[in-house]
Amino acid sequence: MYVCLCNGITDKTIKKAVENGCESLADLRQQMDIADQCGKCRKHAIEVIQQSKILSDKENGLLIAAFA
């Protein structure tokens, strides 16, 4: 699914970036142009990052608590 329509960035692209060490929107913005046009994708991009990190931690056997 497209997260950033302005730059054509999908949730799969963001998830791949998290797998490669991206931990925040700031990290993501260093790797790609996201949330630099209209900004409507900002919140969704952060949610995808957080969900991907939680899933990654669960797969690695780590139990964490996430607070919004």
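Details of the structure are given in the entry above.
Please read all numbers here as calculations on a predicted model, not as lab measurements.

## Quick notes on the state of the cysteines
This structure, assessed with the given rule, holds zero disulfides. Unpaired in terms of disulfides, C4 finds its nearest cysteine sulfur in C41, a separation of 3.8 Å.

## Details of the packing of helix α1 (residues 11-19) against helix α3 (residues 42-59)
Two numbers describe how α1 lies on α3: the axes approach to 9 Å, and their chain directions differ by 50°. Relative to α3, the element α1 lies oblique. For the pair α1 and α3, the sense of crossing is right-handed. Where α1 approaches α3, its residues D11, I14, K15 and V18 are matched on the opposing element by A45, V48, I49, S52 and K53.

## Some points on α1
Regarding α1, the residues found buried are D11, I14, A17 and V18. Along α1, the residues classed as buried sweep out an arc of 120° about the axis, all on the same side. Residues K12 and E19 are exposed on α1 and point more than 90 degrees away from its buried face. Buried positions along α1 lie against β1 (2-4), β2 (9-10), α2 (25-31) and α3.

About the cut-offs
- Residues numbered from 1 in each chain as written.
- Predicted model: local features only at pLDDT ≥ 70, side-chain atom pairs only at ≥ 80, totals over all residues.
- Heavy atoms only, no water.
- Disulfide = S-S within 2.5 Å.
- Axes fitted to C-alpha atoms, helices over the stretch in contact; angles between N-to-C directions.
- Helix = DSSP H or I, 4+ residues; strand = E, 2+ residues; numbered from the N terminus.
- Parallel < 35°, antiparallel > 145°, perpendicular 65-115°, else oblique.
- Left-handed = near helix turned anticlockwise from the far one by under 90°.
- Contact = heavy atoms within 4.5 Å.
- Buried < 20%, exposed > 50% of the residue type's maximum accessible area, 1.4 Å probe, protein only.
- Arc of directions from axis to C-beta.

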